[in-house]
Amino acid sequence: MTNKELHKRFEDAVNFVNDYTDPLPADLLLKLYAYFKIANKNFENPGSRTPLINAFKANALFQAKSISVEEAMEKYVELVDKELKNL
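These numbers come from a predicted model, not from an experiment.

A separate point is the overall build of the chain. Within the chain one finds 4 helices and 0 strands. Going residue by residue from the N terminus, the α and β elements of the chain occur as α-α-α-α. The C-alpha radius of gyration computed for the chain amounts to 13 Å, which stays within 12% of the reference 12 Å derived for 87 residues, consistent with globular compactness. Oriented by its inertia axes, the alpha-carbon framework of the chain measures out at about 40 × 30 × 15 Å. Going through the 87 residues of the chain one by one, you find that 32% of them count as buried. A separation threshold of at least 6 residues defines the contact pool for the chain, and within that pool the share at least 24 residues apart is 83%. In the chain, 12 side chains carry a positive charge and 13 a negative one; their mean positions are 5 Å apart.

Shown next as structure tokens:
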């Protein structure tokens, strides 16, 4: 898959998640959050007003810290395809 194709698939998956209206499990949201942040090279601290939520987000980022931007995009797309589009 070319870099352009990966970016398109990632963008489509992000749009799909943004339009998704059913509740999602917290563990899935945290994985998506971490992959999205890494894919967008956004390493700022989580911005929630709730310290516990910030801790969970920071932990999700820490667990995924060793992957590349491209791998984060791929994992995001795979997770959306597997967990959301197959429902």
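So that's the structure; there's more coming.
Bringing the side chain of Lys37 into the picture now. Its place among the elements puts Lys37 in helix α2 (residues 26-39). Buried and unpaired, Lys37 has Glu44 as its nearest opposite-charge partner, separated by 5.7 Å. Among the polar contacts listed, one links the side chain of Lys37 to the backbone oxygen of Glu44, at a separation of 3.4 Å. Those residues in contact with Lys37 that sit more than four places away from it in its chain are Asn42, Glu44 and Leu61.

An ideal rise of 1.5 Å per residue puts 24 Å on 17 residues; helix α1 (residues 3-19) measures up with 24 Å between its terminal C-alpha atoms. Along α1, the residues classified as buried are Leu6, Phe10, Ala13, Val14 and Val17. Projected down its long axis, α1 carries its buried residues within an arc of 100°, all on one side. In this structure, α1 carries Lys4, Asn18 and Asp19 as exposed residues pointing more than 90 degrees from its buried face. Structurally, α1 contributes buried residues whose contacts are with α2 and α4 (69-83).

In a regular helix each residue adds 1.5 Å, so 13 residues correspond to 18 Å; helix α3 (residues 51-63) covers 18 Å between its end C-alpha atoms and thus fits that length. Those residues of α3 that sit buried are Asn54, Ala60 and Leu61. Projected down its long axis, α3 carries its buried residues within an arc of 125°, all on one side. Projecting away from the buried face of α3 at angles above 90 degrees are the exposed residues Pro51, Leu52, Phe62 and Gln63. Those residues of α3 that are buried are in contact with α2.

Further remarks concern a negative patch on the surface. Together, Glu70, Glu71, Glu74 and Glu78 make up a region of like negative charge exposed at the surface. Examined against the element boundaries, Glu70 turns out to sit in helix α4.

Thresholds applied
- Residues numbered from 1 in each chain as written.
- Predicted model: local features only at pLDDT ≥ 70, side-chain atom pairs only at ≥ 80, totals over all residues.
- Heavy atoms only, no water.
- Helix = DSSP H or I, 4+ residues; strand = E, 2+ residues; numbered from the N terminus.
- Rg over C-alpha atoms; globule rule 2.2 N^0.38 Å.
- Buried < 20%, exposed > 50% of the residue type's maximum accessible area, 1.4 Å probe, protein only.
- Contact = heavy atoms within 4.5 Å.
- Lys, Arg positive; Asp, Glu negative; His and termini not counted.
- Charge placed at Lys NZ, Arg CZ, Asp CG, Glu CD.
- Salt bridge = Lys/Arg side-chain N within 4 Å of Asp/Glu carboxyl O.
- Polar contact = N/O pair within 3.5 Å; in protein donor to acceptor, adjacent residues only side chain to side chain.
- Expected span 1.5 Å × (residues − 1).
- Arc of directions from axis to C-beta.
- Patch = residues over 30% accessible without salt bridge, like charges linked within 9 Å, V, L, I, M, F, W, Y side chains within 5 Å.
- Areas by Shrake-Rupley, 256 points an atom, 1.4 Å probe, with all protein chains shown as cover.

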